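Chain by chain, the residues run as shown.
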Amino acid sequence: MKGYVIVDGIKTAINDAKNLLEVIRSAGIELPTFCYHSELSTFGACRMCIVEDDRGRIMTSCSTIPYDGMVVYTNTPRLRKYRRNILELLLANHDRDCTTCIKSSRCKLQELALTMGVRDVRFENITEKKPVDRSSPSIVRDPNKCIMCGECVRMCEEVQGVGAICIANRGASIEVVAAYGKPLAESNCVNCGQCRSVCPTGALTIKNDNKDVWDAINDPKKRVIVQIAPAVRVAIGEEFGEAPGTEVMGRLVAALRKMGVDEVYDTTIGADLTVTEETAEFIARVREGKNIPLFTSCCPGWMQFVKTKYPELLPNVSTCRSPMEMFGVVIKEYFKDADKEEDRQTVNVAIMPCTAKKAEAALPEFTTDAGRDVDFVLTTQELCMMIKESGIQFAELSEEAADMPFGLGSGAGVIFGVTGGVTESVIRQVSNAHSKETLRDIAFTPVRGMNGIRELSLEFEGQTLRVAIVNGLKNADMLIKKLKSGEVSYDFIEVMACTGGCIGGAGQPLPQTSEVREARAKGLYGADSVAQIKRSEENPTIETLYNGLLKGKEHILHVPGRH
Amino acid sequence: MKITSTKNLRNLKSQYSEALDSLEMRVLVCGGTGCVAGGSVKIYEKIRDLAKEAGVKVCVSLDVHECGGIGIHESACHGFCENGPIVIIKPQDWLYTKVTIDDCEDIVNETIIGKRPVERLFYTNVNGTFDKYHNIPFYEKQKRISLGNCGEADVNSLAEYIARDGYIALANALDNLSGDEICKIVTDAELRGRGGGGYPAGRKWTQVKRQPNFPKYVVCNGDEGDPGAFMDRSLLEGDPHRIIEGMIIAGIAVDAEFGYVYVRAEYPLAVERLKRAIEEAREAGILGDDILGSGKKFDLQVNQGAGAFVCGEGSALTASIEGERGMPRVKPPRTVEAGLFGKPTVLNNVETFANVPNIILNGADAFKSIGTEKSPGTKAFAVTGNVETTGLIEVPMGITMREIVFDICGGIKNGKKFKAVQIGGPSGGCLPEQYLDMPLDFDSLASVGAMIGSGGLVVLDEDTCMVEIARFFMNFTQNESCGKCIPCREGTKRMLEILERIVAGEGREGDIDLLLELGETISVTALCGLGKSAANPVLSTLKYFREEYEAHIRDKRCPAGVCKALAPITIDPEKCKGCSKCAKNCPVNAISGKIKEPFVIDENVCIKCGACVSSCPFGAIIGG
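What counts and what doesn't
- Residues numbered from 1 in each chain as written.
- Chains lettered and ligands numbered in written order.
- Predicted model: local features only at pLDDT ≥ 70, side-chain atom pairs only at ≥ 80, totals over all residues.
- Heavy atoms only, no water.
- Helix = DSSP H or I, 4+ residues; strand = E, 2+ residues; numbered from the N terminus.
- Contact = heavy atoms within 4.5 Å.
- Areas by Shrake-Rupley, 256 points an atom, 1.4 Å probe, with all protein chains shown as cover.
- Lys, Arg positive; Asp, Glu negative; His and termini not counted.
- Charge placed at Lys NZ, Arg CZ, Asp CG, Glu CD.
- Salt bridge = Lys/Arg side-chain N within 4 Å of Asp/Glu carboxyl O.
- Core = buried A, V, L, I, M, F, W, Y, C linked by side-chain atoms within 4.5 Å.
- Buried < 20%, exposed > 50% of the residue type's maximum accessible area, 1.4 Å probe, protein only.
- Domains from an automatic or database assignment.
- Polar contact = N/O pair within 3.5 Å; in protein donor to acceptor, adjacent residues only side chain to side chain.

Caption draft 1: A look at the overall build of chain B. Across its full length, chain B carries 25 helices and 20 strands. For the C-alpha atoms alone, the extent of chain B along its principal axes is close to 95 × 65 × 40 Å. Long-range pairs, those at least 24 residues apart, make up 70% of the contacts in chain B with a sequence separation of at least 6. Put simply, chain B shows about 23,200 Å² of open surface, and 48% of that area lies on carbon and sulfur atoms. Of the side-chain charges in chain B, 71 are positive and 83 negative, and the distance between the mean point of each set is 4 Å.

Printed below as a string of structure tokens:
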């Protein structure tokens, strides 16, 4: 639609905006919303974005199609009254323990109540407190803080295609529940955590493991090893005033040392191992023509999805452990003897952009008699809290390098954090030409970009191999359906559960918009640009590992039983 | 048997009409839900069996050659439910009320064999005894058109439906009318949606007809959920073929080839009869791939609702059919553009479809000759509450409330005074005496804060507490709110809380203002039609009966004497010894009396503090 809407007297171009709300926001007026998310369907439940037209009619702008000549007002006395009433009604049965709520100062309800001037609630809170669901290894659900905006349900269904949670009951008894009202852990939840990324209140939060990690740090008997995933370094700065995409790995290492961890490593090494193993696996499968297409296995959200929804596809999934788990088992192996000699215990802590990694670390295939290969997973957000709790002034830190021997990763390993990164790294490995031009050519293929499903082809030993790159599980679901119907066929498929890949993981700072994700991706590609080593196999640490620690033990990098 | 052409249908119609005329006598036992609950199925079977035993020639079905004899059939609901089980004898038009199994022998011997009435079964009221049912005041002012077959015909017979012009409108449409012409007739007839909104059906059909997307759907809303309303149920139970015919005509009009009837699961008899009728119509070639040999397609499916009131809202209903949670969605897109499965959809109420065959058969002008200018036709109402005769009626639009309450339904029960009529269910409002002479039509009602709704009409007498009525409906609305939008979910909850407080005698100063403020917020900002009208029962009672609210809140008194917590404190004269302790403890001097004689409390002065109750050594003071 072309034309103009008069918003509070200001002529504002419609510019094909999909609804009146977007037009109003383009006029610089931030209408309040709880249930509107530009990447989800319009729900129209919170009624906060109401506007009044020149005939006194009141409508929600999120669900109104703008037309040329439309005249609307966004801030009339009636609108202010209704918005305040709605907020007051929400607050009336909200668990208002704001001071101790983890979402305090980041809560949309708190923010709007403050800005809209709700200073008094005329109704008593007579709602019976419901139990908090702590069953999931990744997500805590507190129904007492839910305002029924439905964002989580739509995220789970529309973007992730999982549908682990839904709306149940009627009237004031309405609630978001997992199937049959069972605990989340007993549902088909894949732990991707995207529900919490869109939750405006403290109803959905990340399961916090900070205490366990502090305890390990403070225990002299524990050798605390921290590995940092690629996507963390371009996002964590947002919590400390940096622009999205700013690479702060050096300061992150410094902060962790200050906090008292023993060694700080880079998960990029794990990614380099993954590239090496997965490329070999892919080439072998292509040559044998067996279990093609090969699906990647790095993403725990995707792994859980395929296990629960398409178990018949498991033979097509790479047997490689994820980079975190590959690295975890290598570190445990590396310190095995030292631990014995010094009577200490190595504790692996992984800093991840991801909530599903918490669930992955707890899987039996990554647990031995000696315990988990990765003991604790902290999300980017949890680490932020620990840094703040330590009083460390992040902005003032001097950069430090990660510890050797596992502090040096390749550019290929770094870009694992963005959708297409795994594929690009594998292509770098597969391709015989190693020139700068080749690398640049690869980068200009659809391997980079943010579209949900991207395709490219690759020449290998006289064959043309078809590659698909998917992000967002709903897209993966659609692709699998097409694959099964024979509509498409591929040799290699990279799947990342979260939109944009790990940079858009649910453990990352909020808010996550497409702009933020693009900036973070740019940050990772920038880190790749400045890396001296571009290809995983050129990483000397990898060579050392294969010739030493891993010699004859390469199988520990794979998941037994998955083939 | 397959009806292969419209000509074939017309021939069958004459054949069945003749068969119908050849019947010497008909005994129609009401098979509506009310009478079935009263044991009418057993009565029907007993009359039939006794007649057969007595050697009477009983006609089973019209499509059997050499019919004649006595037709003993189950009919649909007569609406006179309060006097059921009902038996009608034709052609004499005798109406037997409150028939029991013990009356069957007399009906067979006297009426069927002897052709004499069983007079003791005639309807009697203060004005006398009525033999012919058309003379009964309950029926006199009614105009039964969409309910025309209900009570008059064998409810289980497609043949009888055809004999009574059934599917002839469809045949006419197939033979002579284009889709656009059908839409035009319905538009010209100004048929307005009978489900509550009163949106012109013809306009809706024309909009769907214009949509370029296919397939299109026709959906019938039979999710009648208003407390006390049972118009749709009676139509679906009593004349399912009429609904089917209306829907097929809609399908032809808008180029839809499939339809859904959404019926509440709480209506098992309606579901059963509708399903059977669909099966019959399919076998007869009226539904299916080649409707009456015309080459046109239309078929139907019955969907049962799971009991959510909100599924009566259009977008929630279509979501429910799709297998989604029944929850209204934002509009646009409108149902006519993207309704069921995202396709253009004609969504009308049962009664709306029931009116279609008559409009096509007799023309728009005939339809408009009844009712008012802006609301033509008739409307079915389910009248309940404190009237002499409750039941289902069909009246011309524009009839006054007074005519319904006093003429048709015989006035207020037990000589009490009329107080108000609650009309339109939980979305409607309460209208006081001053509106008794207002014509009942869509626009007049809307102008005074009520709505015709689907046609539930609850008559309230002087003993009704209007605050309690408001609380009742608000409780219903809160339980049935889908919970999606905040104003409806949280607002109705808080309004209910305040109303509960008021009827419990704990009303506070400011409660009325708070109710008004919440009511306004909900009415303006709620998402769907049900939410927007959720506050109506409170707002209308506040408008017309504000003093009752004030009495509850300020004087702690329920003027109607309904609210238990507000019942006056009284002294039991049997137990009172006249010690005067209560009077001494009363802070407002409301108690007086002579020593050693029973004391009394002046209700108008008493503030119900309860001081007297605790001070009485004999437990003689009750209440508070």
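After that view of the structure, there is still more to cover.
Caption draft 2: Inspection of the pattern of salt bridges at higher detail. Residues and elements named next belong to chain A. One pass over the structure, following the stated rule, counts 89 salt bridges over all chains. Between R25 and E30 there is a salt bridge, with its nearest N and O atoms 3.5 Å apart. One salt bridge in this structure joins E538 and R535, with 3.2 Å as the shortest N-O distance. Through salt bridges with shared partners, one network takes in R223, D262, D339, E342 and R344.

Caption draft 3: The arrangement of the nonpolar core in detail. Within the largest apolar cluster, 129 residues are counted, with the highest numbers of intra-cluster contacts made by A:F34, A:W302 and B:Y549. For this core, the leading source of residues is helix α19 (residues 486-503) of chain B, giving 8 residues. Not counting residues within four places of it along the chain, the set of residues in contact with A:W302 comprises A:F295, A:T296, A:L473, A:A476, A:I480, A:V495 and A:A497. B:I244, B:I248, B:V263 and B:I278 belong to the second-largest nonpolar core, a separate cluster that totals 81 residues.

Caption draft 4: A look at the domain arrangement of chain A. One can read the domain layout of chain A as domain 1 (4-75), domain 2 (88-206) and domain 3 (211-557). Placing a centre on the C-alpha atoms of domain 1 of chain A and another on those of domain 3 of chain A gives a separation of 41 Å.

Caption draft 5: The side chain of A:D375, seen in detail. Residue and element names in this part refer to chain A. The topology assignment puts D375 in the loop between β15 (371-372) and β16 (376-379). In this structure the side chain of D375 is engaged in a polar contact, spanning 2.8 Å, whose partner is the side chain of K332. A polar atom in the side chain of D375 sits 2.7 Å from the backbone nitrogen of N348.

Caption draft 6: Focus on unusual backbone geometry. The omega torsion across B:K90 and B:P91 is 5°, close enough to zero to call that bond cis. Examined against the element boundaries, B:P91 turns out to sit in the loop between β4 (87-90) and β5 (94-96). Cis geometry marks the peptide bond from B:P332 to B:P333; its omega dihedral reads 0°. Structurally, B:P333 can be placed in the loop between α13 (314-321) and α14 (335-338). Backbone geometry places A:N291, a non-glycine residue, at a positive phi of 50°. With respect to the helices, strands and loops of the structure, A:N291 is situated in the loop between α8 (268-288) and β12 (294-295).

Caption draft 7: Summary view of the interface of chain B and chain A. Taken together, the 34 residues of chain B in the interface contact 34 residues of chain A. Our enumeration of links across chain B and chain A arrives at 4 salt bridges. Where A:R122 meets B:E517, a salt bridge forms, and the shortest distance between an N and an O atom there is 3.1 Å. Where chain B touches chain A, the interface holds 18 residue pairs in polar contact (both at pLDDT 80 or more). Within the residue set of the side of chain B that touches chain A, elements represented by two or more residues are α18 (466-480), α19 and α20 (511-525) of chain B. With 9 residues, the single largest contributor to the side of chain B that touches chain A is α19(B).

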